[in-house]
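Now for the letters of each chain:
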Amino acid sequence: MISLRRWPNVQDLREKLNGRAKAKPKFRFYSLYDKVYRIDFLEAAYEQSRSNDGSAGVDGERFEDIEKYGRERYLAELAEDLKELRYVPQPVRRVMIPKENQPGKFRPLGIPTIRDRIVQQAVKLLLEPIFEADFTDNAYGYRAGKSAQEAIRDVDNGLRSGYANVVDADLSKYFDTIPHDELMQAVERRIVDSKVLWLIRQWLKVPVHETKRNGKVVISGGKGTKEGTPQGGVISPLLANIYLRRFLVAWEQFGWGKKFCARIVNYADDFVILCRGNAQAAFKAAHQILTEIGLTLNETKTRVVCAWQEHFNFLGYTFGKLYGKRGQKYLGERVSDKNIIKYRERVRKLTARDQTLKTVDCVAVALNQTTQGFWNYFRLGTESQIAHDLDAYLWERMSTWAKRKYKRPRHRKNQAAGQASRQEKIKAATALVVQGRDILRKYAGGRLFAHAASYAQ
């Protein structure tokens, strides 16, 4: 999220809302809608939406079009429409994103118009600090100050503390199956403002437009929709967190955590249950709660495993039994094989034959962005051999690309001097790439490691 320092009144109000929500767990907020169309809220929402960029919605409008029209004029007109209750959400444009390593399977992504994104972001700015006071500490997804790496460290700490029996859970189509009535009840537990609630209901029931390959537009959703919140909507992650909180709170209220000596680590719609006791009983308890609130576990993907005997994946990492430099066994995490393959494939594409027309700096920048992004995320518990192998692959691919770009001189009289110059260029090109081991050293206090016990985002 962007900094709100440019809008101190927005930041101040958010802090007050959060403070009131924390001080009074049962307090319900009545007067919020008039803040949604405040210019400072809309400006902050616009800048946040612009920083996220994204494709155009059904109206084809882009941020460049708004800038040409006049941002101040555009937001002033939107504020007036909201104030006079003329604002009506437009349909969502649906695109199907192929699922990785699952040929023929797709994930639906809903793309609201920029106008709707701005209003959703303004509402999110208001509601987020209120519900943040209610979220449990073991929920890490889509929250300011929380990260996937904190969730990973939480799992790591649990495994090393003896919680080795694990329910590796997979919710079936979570975003698509959230029941609207129950979700609105969860929202209304804190929000009473009828106009804000009306906005949320409209976004949940907005029609969805999907363009097929033959160009035909298929319309679904609409007023008859009773479940689901479109993935891709600005407000959807917050609503998803609000609803899944029911499961996390019920788990503790029923005392299952103490009974099974178990702890849940949740990130968005992914969670694992770490147990010292009977993981199978914990699985049945979780299944019961989720069924009661209208959610379904994917029983073909949900597993009960002992981490000492079988690995499991969570947030791109593989957890389970590993070996230290001296051969000692321990429970920890490493980057998953699937993500290693993805990284290698990305490096391969950036250094393919069709990339030789690009400059050295251009290729090096793209490779460095990929490498830094990969290791900044997968820096926890990384085995040094993996870093060494991936660095060798990166260097080899950059070297191969440079050899293709700087071909050997054809004429014999030019070969001696040309070959020396070519080798210098190849060496200079490979020197530009960032090594994953260098990135890891920054987080490991100057040393590579087989397992990280602590880290900093």
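Before reading further, recall that the structure is shown in the block above.
Residues numbered from 1 in each chain as written. Predicted model: local features only at pLDDT ≥ 70, side-chain atom pairs only at ≥ 80, totals over all residues. Heavy atoms only, no water.

(A) Examining the overall build of the protein chain more closely. Helices and strands together make up the secondary structure of the protein chain, namely 18 helices and eleven strands. Taken along the three principal axes of its C-alpha coordinates, the protein chain extends 85 × 60 × 50 Å. Going through the 457 residues of the protein chain one by one, you find that 49% of them count as buried. In the protein chain, once contacts between residues fewer than 6 apart in sequence are set aside, the share between residues at least 24 apart is 71%. Working note: accessible area of the protein chain is about 23,500 Å², and carbon and sulfur atoms make up 48% of it. Looking at the protein chain, you have 80 positive and 52 negative side-chain charges, and the mean spots of the two groups are 6 Å apart. (Helix = DSSP H or I, 4+ residues; strand = E, 2+ residues; numbered from the N terminus. Buried < 20%, exposed > 50% of the residue type's maximum accessible area, 1.4 Å probe, protein only. Contact = heavy atoms within 4.5 Å. Areas by Shrake-Rupley, 256 points an atom, 1.4 Å probe, with all protein chains shown as cover. Lys, Arg positive; Asp, Glu negative; His and termini not counted. Charge placed at Lys NZ, Arg CZ, Asp CG, Glu CD.)

(B) Molecular detail of the layout of surface pockets. Put simply, the second largest pocket is a space of about 250 Å³. Forming the boundary of the second largest pocket are 19 residues, of which Arg94, Asp176, Val208, Glu227 and Pro230 lie nearest the centre. Where the lining of the second largest pocket is concerned, the elements lending two or more residues are strand E1 (92-98), strand E2 (106-111), helix H8 (174-177) and strand E5 (217-221). For the lining of the second largest pocket, the element with the highest residue contribution is E2, accounting for three residues. (1 Å grid on protein atoms, 1.4 Å probe; cavity = no way out; pocket = protein on both sides within 12 Å on 5 of 7 lines; lining within 4 Å. Points joined across faces, edges and corners; volume = space filled by probe spheres on them.)

(C) Up close: the sheet that holds strand E10 (residues 317-323). The three strands are arranged E9-E10-E11 in an open sheet whose pairing can be described as antiparallel. In this open sheet, the two strands that pair with only one neighbour each are strand E9 (312-314) and strand E11 (329-335). Here the strands of the sheet are splayed against their neighbours by 40 degrees on average, with no regard to which way each runs. (Pairing = 2+ DSSP bridges. Axes fitted to C-alpha atoms, helices over the stretch in contact; angles between N-to-C directions.)

(D) Highlighting helix H13 (residues 279-292). Between the first and last C-alpha of H13 there are 20 Å, a value that for 14 residues agrees with the 20 Å anticipated at 1.5 Å per step. Burial in H13 covers these residues: Ala279, Ala282, Phe283, Ala285, Ala286, Ile289 and Leu290. Viewed end-on, H13 has its buried residues packed into an arc of 165 degrees, placing them on one side of the element. Turned more than 90 degrees from where H13 packs its buried face, Lys284 and Glu292 sit exposed. Residues of H13 that are buried make contact with strand E3 (165-170), helix H11 (236-253), helix H12 (256-259), strand E7 (270-275) and strand E8 (303-306). The N-cap of H13, judged by a side-chain oxygen 3.0 Å from the amide nitrogen of Gln280 a few residues on, is Asn278. Directly beyond the C-terminal end of H13, a positive phi value near 85 degrees is found at Gly294. (Expected span 1.5 Å × (residues − 1). Arc of directions from axis to C-beta. Polar contact = N/O pair within 3.5 Å; in protein donor to acceptor, adjacent residues only side chain to side chain.)

(E) Up close: the packing of helix H3 (residues 39-52) against helix H5 (residues 71-83). The geometry of H3 relative to H5 is characterised by a closest axis approach of 10 Å and an angle of 120 degrees between their N-to-C directions. Classified by the angle between their axes, H3 and H5 sit oblique to one another. The handedness of the crossing between H3 and H5 is right-handed. Between H3, through Ile39, Leu42, Glu43, Tyr46 and Glu47, and H5, the contact on the second element is made entirely by Arg71, Leu75, Ala76, Leu78, Ala79 and Leu82. Classifying every residue of the contact of H3 with H5 gives eight nonpolar, no polar and three charged. (Parallel < 35°, antiparallel > 145°, perpendicular 65-115°, else oblique. Left-handed = near helix turned anticlockwise from the far one by under 90°. Nonpolar A, V, L, I, M, F, W, Y, C, P; charged D, E, K, R; others polar.)

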